[in-house]
Amino acid sequence: MKPTIHAYGDTALRVSFHPDTAAEDVRKLALLLHQHWPQGVREWVPAFHAVTIFYDPLTCSLQELTADVEQLLHRQSETLEQDPVCWELPVCYGGACGPDLTDAAARLGITEEELIHKHIKPVYAVRMLGFLPGFPYLEGMDATIALPRHAEPRRSVPAGSVGIAGSQTGIYPLASPGGWQLIGRTPVRLYDKLREPSVLLEAGDMVTFKPVSEAEFSTIKEEIEAGTYNYRKGARRP
């Protein structure tokens, strides 16, 4: 199950891993890149089965970077392990925050409470960010609550909306069109251009959901708007 390395345009290379081990291999390579930062590398983008590394071709060649990456891959077993960050995100389920919850539960043949319980039980892994700045694709959802996307996407989905699409769950960091089944909403801002870093979650992080009432949702939202909300609350970061 040796990874493959190949050019990805003229300013990037892509390291692809076997699906069976990709989750851990991607996390380890991203950590090694951060620890050693090869010459010429500008940034890297972790995905489900691969890491794309962007570089400055005036600073290093594809061949030089490939050699550096191969050395890092050989050192994966020596990687200094770090426990992933685990974020606990408050979510208000149903009602105006989760307009699809009732229909989703009926389609699945379970109660709304059962659907919520199945959704909050796992510890989810952030496998990658995409679609929108900071949109996390979360792995680990109970397969029994998988739901198809809407046949016609909504023109506007509120920021913070928590949805299900197929076997995945995710969170909209910004208001945008979208076709996921919306079952709840978090007041936490996954993307804030005035915050450093602007994106809250990273690939490799872990996420749990904590159900909150509408009143608690409003209180947290007010704290965020006032700048007093503790984003580290419920998160374990090394």
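Scope of this entry: the structure provided in the associated data block. (Residues numbered from 1 in each chain as written. Predicted model: local features only at pLDDT ≥ 70, side-chain atom pairs only at ≥ 80, totals over all residues. Heavy atoms only, no water.)

As for the overall build of the protein chain
What the protein chain contains, in helices and strands, is 5 helices and 13 strands. Against the compact-globule benchmark of 18 Å for 238 residues, the protein chain has a radius of gyration of 19 Å, which places it among compact chains. Viewed in the frame of its principal axes, the protein chain has a C-alpha envelope of about 55 × 40 × 35 Å. By the burial criterion, 46% of the 238 residues in the protein chain qualify as buried. When the accessible area of the protein chain is evaluated, it comes to approximately 12500 Å², of which 52% is carbon and sulfur surface. Computing the positive centroid from 23 side-chain charges and the negative centroid from 30, the protein chain places the two 2 Å apart. (Helix = DSSP H or I, 4+ residues; strand = E, 2+ residues; numbered from the N terminus. Rg over C-alpha atoms; globule rule 2.2 N^0.38 Å. Buried < 20%, exposed > 50% of the residue type's maximum accessible area, 1.4 Å probe, protein only. Areas by Shrake-Rupley, 256 points an atom, 1.4 Å probe, with all protein chains shown as cover. Lys, Arg positive; Asp, Glu negative; His and termini not counted. Charge placed at Lys NZ, Arg CZ, Asp CG, Glu CD.)

Focus: the nonpolar core
Formed by 30 residues in total, the largest nonpolar core has its most connected members in Val207 and Phe209. At the level of elements, strand S5 (86-93), helix H3 (101-108), helix H4 (112-120), strand S6 (124-129), strand S9 (161-165), strand S13 (206-211) and helix H5 (214-226) are the ones that each hand at least two residues to this core. Per-element tally for this core: the top contributor is S5, with 4 residues. When residues no more than four places from it in sequence are discounted, the contact partners of Val207 are Trp87, Leu89, Pro122, Val123, Tyr124, Val126, Leu138 and Leu201. By size, the runner-up hydrophobic cluster in this structure holds 19 residues, among which are Leu29, Leu32, Trp44 and Ile53. (Core = buried A, V, L, I, M, F, W, Y, C linked by side-chain atoms within 4.5 Å. Contact = heavy atoms within 4.5 Å.)

Brief notes about the environment of Glu223
On the secondary structure map, Glu223 appears in helix H5. Glu223 gets classed as partly exposed once you look at its relative accessible area, which sits at 30%. Put simply, Glu223 and Gly166 are 57 residues apart on the chain and 33 Å apart in space, counted from C-alpha to C-alpha. In this structure, Glu223 is in contact with Thr228 and Tyr229, ignoring residues within four places of it in sequence.

Observations concerning the sheet that holds strand S10 (residues 168-171)
Reading around the circumference, S5-S12-S9-S10-S7-S6-S13 is the order of the 7 strands in this closed barrel, with mixed pairing throughout. Neighbouring strand axes in the sheet, compared pairwise and without regard to direction, differ in orientation by 40 degrees on average. Relative to S13, S6 runs antiparallel, the two being bridged by 2 bridges. Across the sheet, residue Tyr124 finds its bridge partner in S13, namely Val207. (Pairing = 2+ DSSP bridges. Axes fitted to C-alpha atoms, helices over the stretch in contact; angles between N-to-C directions.)

Notes on H4
Residues that lie three or four places apart on an α-helix share one face, since the helix turns once every 3.6 residues. Residues Leu115, Ile116 and His119 constitute the buried set of H4. Here the buried residues of H4 occupy an arc of 100 degrees about the axis, which is enough to place them on one side. (Arc of directions from axis to C-beta.)

These values are about where atoms sit, not about what they do.
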